[in-house]
Structure formats: structure tokens, C-alpha cells
Amino acid sequence: EDGRAFWPESVWKVYTEKEDLGELRLSRFIDSGKSVACLNHMIADALELVPAVLEYLENIHEPSILSFCALPQVMAISTLGKCYNNKDVFTGVVKLRKGLSAKILLAFAPTNTPFTEDRLRASYKLWFLREVMDIQKTAKAIQKNDPTS
């Protein structure tokens, strides 16, 4: 590895013993739930930015630009949903299924039928709502074990 870390140090240091991000990949950290608790903490922090993302998208009125901007945001929230409470993040690659990625892409990609601003807004809001509700459902189920979830 090149030594770069994209996880905020202020969060992962709370869950490690030697203040080494690599510890979270060790089986004892995964098995104890510390790794997943750290992951959930970071995803919860990221979810605090959802209102700002939605506000940003609300201020875009040109459908082609709205489509261009909403697509990566929907992919991101869907990826957060896939990663939330998922210990596979530490042992392999976790990504959206090809079919789901294609479905998201088709929801926002230009087609022969031009997008309307209202249709695009309804689409990205539905995706965000669905993902946030799924994460919230999982968080409520594990709340007693992980207060940061």
C-alpha cells in the first residue's frame, strides 16, 4: 500500500488501540465489532451532509446539469447504504451490483425522452429516501450495541 488513508483520523483513532488504521482489518477488531462500529460512525458522519447535498441539488434548475450532478450523489448514498454495518468492507471489495448501478444510471442518463426538472427531483429524492430509510432501519436494530450508528 502507499500509506494513504481516506478515513478521518479523528474517528478511526477512537476505535484502535495503537492508533493505527490498519488495525481495523485485523480479525480481532472485525470480530469484536470495533471495525464495523468505526465504519458506522463514519457513515453516520457522512449522512449529516445529506441535507446540504439535497439543498445543493434543489438550486440546480437546468435538467441536464441536474441529471449530471444528481447521478454521482445517488451512487454515493447507495454505496453508503451498501457499506453500512457491512464487515465485508474490511475483508474484500464492497460495491453496488451491476444491475443496481445500471438502474441508477438509467434513472438519470439522458434518453430520447427529455427529462423534466420535476421528474429528476422526484427520482433523486426517492433514491435518497429509500437509502436513508434502509440505513435508519439497520441503525435502529443495532443501536443498543453501537451508540454512534
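Residues numbered from 1 in each chain as written. Predicted model: local features only at pLDDT ≥ 70, side-chain atom pairs only at ≥ 80, totals over all residues. Heavy atoms only, no water.

Would you explain the environment of aspartate 31 in this entry?
Within the fold, aspartate 31 resides in helix 2 (residues 27-32). Accessibility expressed as a relative area gives 63% for aspartate 31, which makes it exposed. Between the C-alpha atom of aspartate 31 and that of lysine 87, which follows or precedes it by 56 residues, the distance is 8.9 Å. (Helix = DSSP H or I, 4+ residues; strand = E, 2+ residues; numbered from the N terminus. Buried < 20%, exposed > 50% of the residue type's maximum accessible area, 1.4 Å probe, protein only.)

Would you mind going over the packing of helix 4 (residues 50-58) against helix 5 (residues 63-83) with me for this structure?
To characterise two packed helices, one gives the angle between the axes of the helices and the distance between these axes. Relative orientation of the contacting elements helix 4 and helix 5 amounts to 165 degrees, with a least axis distance of 10 Å. By the angle between their axes, helix 4 is roughly antiparallel relative to helix 5. Crossing of helix 4 over helix 5 shows left-handed handedness. Across the interface between the two elements, Val50, Val53, Tyr56 and Leu57 of helix 4 pack against Leu66, Cys69, Ala70, Gln73 and Ile77 of helix 5. (Axes fitted to C-alpha atoms, helices over the stretch in contact; angles between N-to-C directions. Parallel < 35°, antiparallel > 145°, perpendicular 65-115°, else oblique. Left-handed = near helix turned anticlockwise from the far one by under 90°. Contact = heavy atoms within 4.5 Å.)

Quick question: what am I supposed to make of the pattern of salt bridges here?
Summed over all chains, the structure comprises 5 salt bridges. A salt bridge links glutamate 17 to arginine 28; the shortest N-O distance between them is 3.0 Å. With glutamate 17 in the loop between helix 1 (9-15) and helix 2 and arginine 28 in helix 2, this residue pair connects regions lying 11 residues apart in the sequence. With its nearest N and O atoms 2.7 Å apart, the salt bridge here joins glutamate 117 to arginine 121. With glutamate 117 and arginine 121 both in helix 7 (residues 117-142) and 4 residues apart, this pair spans about one turn of that helix. Residue glutamate 117 is classed as partly exposed on the basis of its relative accessible area of 24%. (Salt bridge = Lys/Arg side-chain N within 4 Å of Asp/Glu carboxyl O.)

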